[in-house]
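The primary structure of each chain is shown beneath.
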Amino acid sequence: MSTLKTIQSALISVFSKDGLEPIVRKLHEQNVTLYSTGGTEDFIKNLGIPVVAVEDVTSYPSILGGRVKTLHPKIFGGILNRQDNQTDVQQMEEFQIPQIDLVIVDLYPFEKTVASGASEVDIIEKIDIGGISLIRAAAKNFRDTVIVASVDEYALLFELITSQNGATTLENRRLLATKAFHVSSHYDTAIFNYFNEDETIYKESIAHGQILRYGENPHQKGFFFGDFEAMFQKIHGKELSYNNLLDVDAAVNLILEFKSDAPTFAILKHNNACGLATRNTIKEAYMAALAGDPTSAFGGVLIANQKIDVETANEINALFCEVVIAPSYDAGAISILSEKKNRIILVQNEVALPQRQVRTCLNGLLVQDKNNITDNKEHLKTVTFTAPSSDEIEDLLFASKICKNTKSNTIVLAKNRTLIASGTGQTSRVDALKQAIEKAHAFGFDLNGSVMASDAFFPFPDCVAIAKEAGITAVIQPGGSIKDSLSIDYCNENKVAMVFTGTRHFKH
């Protein structure tokens, strides 16, 4: 039996009429009988194309304020009947049910209504009943019925009915059914999440996805699920890789800490900052950030909290870097940065980031709230006889922001609103500190008068002792160890200022 089926009748009932006209005209040109109701029926009539009202098929009007229009055996029978099943064929004749070969339907904009801040009454009214039922029915019966459940598939449908003279193959119908079930499952997930208050139940549906060149390594497949174009305008460069996206994510979260600060520039490598500085101009901030670790900056991801101008672009252009991100650019800056064929240039849009973090773990998922606490002056508790100066407080908070966004165990050293060095991802906090000191010395930094930030408390005084010997004069840490007094006593004996924040910032 041939799987090629010619469309002879279609039910069209959509909330949005955008892009519908060419399809309606093509179906009419192919002598397809059109059924419709409500606003879509009026739309088709206004095109001068004949249409049969659903009410004329069901002999039942639209009732309950439009809540019940298409929910009727004569409609669903026409969609769900199995054309190769003799009993179905006989019942179609017995009850005078018209065959429906194609269903074009969309759903009320539930997610947009919720996002708009509408009242619950309005939100509930945007829970589609007839549409979702039509989608599931037509998709279930894909062997005989074509379903188009989104304006995103209009182009595909138009191409099929044009190139195949109104016919579809089983493969075509199965593909459209798959897309339809994607629409319906995403819609149901959004509704569930609106109502759900049980945090032990997790459902997530992301409508957009893309295939990456590969994953973390070339032998791994990689995918990104999300609306990248809502977050960024890509101006130039190659396609972003899995690792690029991880670095971009780290960069965006880091620079968010400095969103309202003076011009700030960060350079990241493998999700950690290797350079970061705040200055009076974005060029000065970039140059200071680069000086923090010019070796690691090679092939890094660059991000600014303000517009990148021509002067800054000229400096950046001398560096091989994978990605440059900023809220805006001078036109001349874009021309300069685009001189490197593969360099990715992104304009960051104002988009709210997810407030929950999700990662795979064992045979399931780990979900947690995003770490939205940024240490500020109100959080600081001086626990030593020596209090930090105003300049030291500024540097301590600067270092803490970086520390929060660096892999644990970490120690961050800063001076004059500049990242001097950091120890990242170490199994020992002492090793992290030694790594940071060694790195600072390697790049010629004077640690005298610098400050130290730690993502977690010090159970022993070894770190503050090493820091003192290196010239560090102030320390910021969460506190909370039963042996806090050991570090406090050492600082008091050696005139080192130390403040507690009360908030740990592990990042794994």
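Quick look at the structure, then. Owing to the predicted nature of the structure, the values given are computational and were not obtained by experimental measurement.

1. Looking at the sheet that holds strand β12 (residues 272-278)
- The strand order across the open sheet formed by six strands is β10-β15-β14-β13-β11-β12, and the pairing between neighbours is mixed. The outermost strands of the open sheet, each flanked by one partner alone, are β10 (232-236) and β12. In this sheet, adjacent strand axes meet at a mean angle of 20° when their direction is disregarded.
- Note: strand β11 (residues 264-269) against β12, six bridges, orientation antiparallel. Paired with Ile-267 across the two strands is Gly-275, which belongs to β12.
- Set on the sheet, helix α12 (residues 242-256) makes contact with β10, β11, β12, β13 (300-304), β14 (321-326) and β15 (344-348); between it and β11 the angle comes to about 150°.
- Against the sheet, helix α13 (residues 282-292) makes contact with β11, β12 and β13, and its axis sits at roughly 30° relative to β11, the strand it touches most.

2. A few points about the packing of aromatic side chains
- Applying the stated criterion to the full structure yields ten aromatic pairs.
- Ring geometry for Phe-15 and Tyr-108: centres 5.7 Å apart, planes at 75°, overall edge-to-face. Linking Phe-15 in the loop between β2 (9-13) and α1 (21-29) with Tyr-108 in the loop between β5 (102-105) and α6 (110-115), this pair joins segments that are 93 residues apart in sequence.
- Take Tyr-108: its relative accessible area is 26%, and that puts it in the partly exposed class.
- Taken together through their ring pairs, the aromatic side chains of Phe-110, Tyr-187, Tyr-194 and Phe-195 make up a single cluster.

3. Some details on the pairing of strand β19 (residues 411-414)
- Residues Ile-411 and Leu-413 of β19 are buried on one face, and the alternating residues Val-412 and Ala-414, pointing to the opposite face, are buried as well.
- Hairpin connection of β19 to strand β20 (residues 419-423): four residues between the antiparallel strands, including Asn-416 at a positive phi of 55°.
- Judged from the four bridges that link them, β19 and strand β21 (residues 451-454) form a sheet pairing that is antiparallel. The residue of β21 that forms the bridge with Ile-411 is Ser-454.

4. A look at the sheet that holds β5
- Sheet architecture is open: five strands sit in the order β4-β3-β2-β5-β6, paired in parallel fashion. Of all strands in the sheet, those bounded by a partner on one side alone are β4 (52-53) and β6 (146-148).
- Sheet analysis places β2 next to strand β3 (residues 33-36), joined by four bridges and oriented parallel. Paired with Ala-10 across the strands is Leu-34, a residue of β3.

5. Points about the nonpolar core
- With 39 residues, the main nonpolar core has Phe-232, Val-248, Leu-276, Ile-303, Ile-325, Leu-346 and Ile-402 as its most contacted residues.
- The residues touching Leu-276, leaving out its near neighbours within four places in the chain, are Leu-254, Phe-258, Thr-264, Phe-265, Ala-266, Ala-289, Phe-398, Ile-402, Arg-417, Thr-418 and Leu-419.

6. A word on unusual backbone geometry
- The linkage connecting Ser-408 with the following residue, Asn-409, adopts the cis geometry, with an omega of -15°.
- Among the structural elements, Asn-409 can be located in the loop between α16 (390-404) and β19.
- For His-270, which is not a glycine, the phi torsion comes out positive at approximately 50°.
- Its location among the elements puts His-270 in the loop between β11 and β12.

Rules and cut-offs
Residues numbered from 1 in each chain as written. Predicted model: local features only at pLDDT ≥ 70, side-chain atom pairs only at ≥ 80, totals over all residues. Heavy atoms only, no water. Pairing = 2+ DSSP bridges. Helix = DSSP H or I, 4+ residues; strand = E, 2+ residues; numbered from the N terminus. Axes fitted to C-alpha atoms, helices over the stretch in contact; angles between N-to-C directions. Contact = heavy atoms within 4.5 Å. Phe/Tyr/Trp six-rings, centres within 6.5 Å; stacked < 30°, edge-to-face > 60°. Buried < 20%, exposed > 50% of the residue type's maximum accessible area, 1.4 Å probe, protein only. Core = buried A, V, L, I, M, F, W, Y, C linked by side-chain atoms within 4.5 Å.

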